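Listed here are the chains, written in short residue letters.
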Amino acid sequence: MTNHFGDMAANSKCIFIIGANPAVANPVGGMKHTLQAKDRNNAKVIVADPNFTKSAAHADLYLRQRSGTDIALVYGLIHIILKNGWEDKEFIKNRTYGIDEIAKEAEHWTPEVTSDVTGVPVDKLIEAANILAHTKPGTVVWALGITQHSVGSSNTRILPILQLILGNMGKPGGGCNIIRGHDNVQGSTDMCNLSDSLPMYYGLTDAAWKYYCQGWGVDYDEFVKRFAVSTKEPKQGGTPVKNTVFEEYYYHDPKNPEDRNWRNEKGWSLSKWWQGVLKEENTFSSGALRVLWVQGTGLTSMAHLAKIQEAASKLDMIVVAEPFVNEISILSDRKDGVYILPVATAFENEGHLNATNRSGQWRTKVVDPLYESKGDHEVMFAFAKKFGFYDEYVKGMKMAVVDRELKQVKDDFVWPDDATNEIARVGNSIGYGGRTAEMFRRHQANWDKFDPDTLIGLGGEVKGEYYGKPWPAWDEKHPGTPILYDMSKPYAEGGSGFRNRFGLEHNGVSQLASEEATLVGSAIKGGYPQITKDNIEKVLGITLTEEEKAKIGPSWSMDYSGIILEKCREKGVVPYGNARARAIVWEFLDPIPKHREPIHSPRWDLVQKYPTFDDQARNFRVSTKFKSEQQAKDWSKEFPIVFSTQRVVNLSGAGMIERTSKYLSAITPEMFANVHPELALKYGIKDRDMMWIHSPQGTKIKVRCYHSYMVTPDRICMPYNFAGVMQGVDLSARYPEGTKPYVIGESFNTVTNYGFDPVTQISEFNAGLCRIEKAEENTFKTSFYHEYGERDALGKE
């Protein structure tokens, strides 16, 4: 998220919502601020969505595109913008690279071609392009409807490219406002709870591991011995290495290409971890997965639930650390090997979280953990003690920078303050340095002094600081950055250019911004590279002392001494450089975004014209099918109906928390699918009849049919927040006594089609095919009303 919702409400004059339904999202604040922008700025709202949502009901212009055609739609808009000369030519010239390649691709996407692929009428495409080009500043809002596709990575690139072409990036009221979900989704991303990077988006390189080992006060050579495991058979020249976790000896030979350094490898993704158990596709691992530990995520909200169920039954052990019973616990029929640890709720914990706009917020503990529950950190501390690495695990919280050197300064730590400060200290890559526990507590105590439109502190001890110091907040003197890439403000007030990440030139073209793109107050005119130990003197025109040279880190993102940040502040220079925003990602399979039909497409003719990617031999330790699945046959002949997910305002994620509330459950008392009456009656399915939904993967779910005009006669949509019923089988008896939610139901993810993004491996939740048929009434109780009665559900006598 480059901007924030308050900025949108105050400054946006055009809001393009695509792949999101903020009226029922978690949080709903995006819709609140959209309506404020309409009231305050007379903002025009464009909503693009396959379904006529509650957000679409507030739109000035609604575009109903076919699922999986977002890239085609945006190219169609770009075609019209460029054809009419409505682009921001100066912005493109001075601050971007590769837009000429985008323009070449856009030539193909005439309004007629775009309309055929997307289903959006030509006149509406022209109207949307006209509004976007002539109503500025404009912002783009998206959510999971953009990311959850086999082209999700390309989707998330084409929308910022549109904003670059329009000159809306780095502007108040502009940028990209991405709804990241309920609180701390952004924070968990910053901490990189993923298998392909370290916290704060550091890669899995040895340089990054060394940086973290330094920050943890751990010896790097000893630390990596935990990872160097690939074979139990000694090889010539191999050195025996003890794996301290499983007390086994392995042999590591770095010169042998078959001997992998697993610390540098992606792990299993959340989307396909089950292949580490089932191994149905080619897998690449040091062994089979034997234990599943689930903490802080609803696993039944992941795709291919039937595969997850199968894998769960074959694991040696499942551990669930949650305040409520995560339904992975009852998915399989195993009788032992499942451990449910009662972890405390947010009200029983303390610490900071990170909101969707990159601002942090301190959350104070309300009560001590009840009964036997413990905080997440206590569970992890106990785990570390059991397996013998507790001292190493907590050592980073005992450290601090003294005289520009990182060292241990005390023998104990204070939770959560020292953990917060450790995160601030190591998070140089995204500018966490100013986000200390003291700062968060100060902001919490002064909530009333911040302006909601700008986030700026208006008085007292927070004057001049932005609320929660949205990162980057480079050090304790920096106020935070409410709008990324805003060059109208100096460095000291949160200004910045685009980051220099990909070298100084590409194909002979400089990747640095032109001289016209100079940050206000910067001592350097125009673009400059990211600051490193090797170039700092030349780029900034300074001379370091011998002591500074001895203590400075290798680059701005790996400098614990703070010297690089200090010198950059003095010169008004952002340490990550001032570069051009690149539209070409030459490392990707598609260097520029291209429309590719969903893996299971209703248009066989377009599959031939816009095929998906070649199969991946390896990604995240497993091979993945693309073309072989897409072109195995014309799937639409057997599965003619398009489906996608939808949000409901009272449920989030897997719904395991909200469905334990009697009152939230009463809002959506059963799992359902919205089906156009014409489509439903074609199959003899009346309103409120039960129906089967079948997928190409051979799975099925039994849900209630709701006749609805929010969908067209060729598609259906349904929520993804239910569990507890599996392909018609009621799993109620598996819940521990007293833990069954008020509402259970089939999970949409049982019928999610096969399909994954080639970069992130996120599942293709939002573009798939199915067929439907009438079903007999339930023999089990999925409905809240069935079990508790409507009068009781509404709280009446």
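Calculation notes
- Residues numbered from 1 in each chain as written.
- Predicted model: local features only at pLDDT ≥ 70, side-chain atom pairs only at ≥ 80, totals over all residues.
- Heavy atoms only, no water.
- Salt bridge = Lys/Arg side-chain N within 4 Å of Asp/Glu carboxyl O.
- Helix = DSSP H or I, 4+ residues; strand = E, 2+ residues; numbered from the N terminus.
- Buried < 20%, exposed > 50% of the residue type's maximum accessible area, 1.4 Å probe, protein only.
- Contact = heavy atoms within 4.5 Å.
- Pairing = 2+ DSSP bridges.
- Axes fitted to C-alpha atoms, helices over the stretch in contact; angles between N-to-C directions.
- Phe/Tyr/Trp six-rings, centres within 6.5 Å; stacked < 30°, edge-to-face > 60°.
- Right-handed = clockwise from strand over helix to strand, strands pointing away.
- Parallel < 35°, antiparallel > 145°, perpendicular 65-115°, else oblique.
- Left-handed = near helix turned anticlockwise from the far one by under 90°.
- Nonpolar A, V, L, I, M, F, W, Y, C, P; charged D, E, K, R; others polar.
- Core = buried A, V, L, I, M, F, W, Y, C linked by side-chain atoms within 4.5 Å.
- Domains from an automatic or database assignment.
- UniProt positions renumbered as here; feature names shortened; annotations may be inferred.

Here we take up the pattern of salt bridges. One pass over the structure, following the stated rule, counts 37 salt bridges. Here Arg441 makes a salt bridge to Glu350, at a shortest N to O gap of 3.3 Å. Of the two residues, Arg441 sits in helix α18 (residues 437–444) while Glu350 sits in the loop between β11 (338–342) and β12 (351–354), which places them 91 residues apart along the sequence. With relative accessibility at 31%, the residue Arg441 sits in the partly exposed group.

The next point concerns helix α11 (residues 206–216). Two residues of an α-helix separated by three or four positions point the same way, owing to the 3.6 residues in each turn. Within the sequence span of α11, burial applies to Ala208, Trp209, Tyr211, Tyr212, Cys213 and Gly215. Buried positions along α11 lie against α12 (220–223), β14 (399–402), β15 (405–408) and α17 (417–426). Of the residues trailing α11, Gly217 is marked for its positive phi of about 70°.

Once that is clear, we can look at the sheet that holds β11. Backbone-to-backbone hydrogen bonds join strands into a sheet, with any given pair of strands oriented parallel or antiparallel. One open sheet holds the 3 strands; their spatial order is β9-β10-β11, and the pairing between them is parallel. In the strand order of this sheet, the two ends are held by β9 (291–295) and β11, each with one partner. Mean inter-strand twist for the sheet, computed between neighbouring axes without regard to direction, equals 10°. Taken together, the 5 bridges between β9 and strand β10 (residues 317–322) define a ladder with parallel strand orientation.

Here the focus is the sheet that holds strand β27 (residues 729–730). Spatial strand order, β27-β26-β28: 3 strands in an open sheet with mixed pairing. Where the open sheet ends on each side, the last strands, each with one partner, are β27 and β28 (745–746). In this sheet, β28 lies alongside strand β26 (residues 724–726) in parallel orientation, the contact comprising 2 bridges. Considered in β28, the bridge of Gly724 is made with Gly745.

Right, let's talk about the packing of aromatic side chains for a bit. Tallied over the entire structure, the rule returns 31 aromatic pairs. Aromatic side chains Tyr97 and Trp586 sit 6.4 Å apart centroid to centroid with 75° between the ring planes, which places their arrangement in the edge-to-face category. Within this pair, whereas Tyr97 is found in strand β4 (residues 96–97), its partner Trp586 is found in the loop between β18 (581–582) and α22 (604–609), the two being separated by 489 residues in sequence. Given a relative accessible area of 9%, Tyr97 falls into the buried group.

Another aspect to go through is the pairing of β9. Only one face of β9 is buried: it carries Leu292 and Val294, and the other face, with Val291, Trp293 and Gln295, is open. Following the chain from β9 across helix α14 (residues 305–314) to the adjacent parallel β10, one finds a crossover that is right-handed.

Direction vectors running N to C along helix α3 (residues 70–83) and helix α6 (residues 111–118) enclose 165°, while the axes themselves pass 9 Å from each other. Considering the angle they form, α3 stands roughly antiparallel to α6. The element α3 and its partner α6 pack so that their crossing is left-handed. Counting all contacts with α3, which are made through Ala72, Leu73, Gly76, His79 and Ile80, the residues of α6 involved are Pro111, Thr114, Val117 and Thr118. A breakdown of the residues in the contact of α3 with α6 according to their chemical character gives 5 nonpolar, 4 polar and no charged.

With that out of the way, let us pick up the nonpolar core. By size, the foremost hydrophobic cluster in this structure holds 55 residues, and its most contacted members are Phe16, Ile18, Ile46, Tyr75, Ile78 and Leu159. Ranked by residue count, the leading element in this core is α3, at 9 residues. Each of domain 1 (1–181 + 481–528 + 573–595) and domain 3 (604–786) accounts for three or more of the residues forming this core.

Now for unusual backbone geometry. For the bond from Trp415 to Pro416, the omega torsion is 0°, close enough to zero to count as cis. Considering the arrangement of structural elements, one finds Pro416 in the loop between β15 and α17. Going from Trp471 to Pro472, the amide bond is cis rather than trans, its omega being 0°. Topologically, Pro472 is positioned in the loop between α18 and β16 (505–506). Even without being glycine, Phe620 reaches a positive phi, approximately 50°. Summarising the element assignment, Phe620 is placed in the loop between β19 (616–619) and β20 (622–624).

Turning to the UniProt feature "domain: Molybdopterin dinucleotide-binding" (unreviewed entry) in the protein, a few remarks are in order. UniProt feature "domain: Molybdopterin dinucleotide-binding" (unreviewed entry): in the numbering of this structure it lies at residues 642–767. Regarding residues 642–767, the helix share stands at 10% and the strand share at 27%, and the terminal C-alpha atoms are separated by 7 Å.

Bringing the side chain of Asn177 into the picture now. Tracing the backbone through its elements, the reader meets Asn177 in strand β6 (residues 176–178). In this structure, Asn177 is in contact with Met1, Asn3, His4, Phe5, Met8, Thr139, Val140, Val141 and Trp142, ignoring residues within four places of it in sequence.

This part is about the environment of Ile78. With respect to the helices and strands, the residue Ile78 is situated in helix α3. A sequence separation of 87 residues divides Ile78 from Ile165, and the C-alpha atoms of the two residues are 8.1 Å apart. In contact with Ile78, other than residues within four places in its own chain, are Ile102, Ala106, Ile158, Leu162 and Ile165.

If you want to describe how two helices pack, look at the angle between their axes and the distance between the axes. Orientation of α3 relative to helix α5 (residues 99–108), taken along the N-to-C sense of each, is 105°, at an axis distance of 8 Å. Between α3 and α5, the angle is such that the two are roughly perpendicular. Facing α3, whose interface residues are Tyr75, Ile78, His79 and Leu82, α5 presents Ile102, Ala103, Glu105, Ala106 and Glu107. Tallied by class, residues from the contact of α3 with α5 come to 6 nonpolar, 1 polar and 2 charged.

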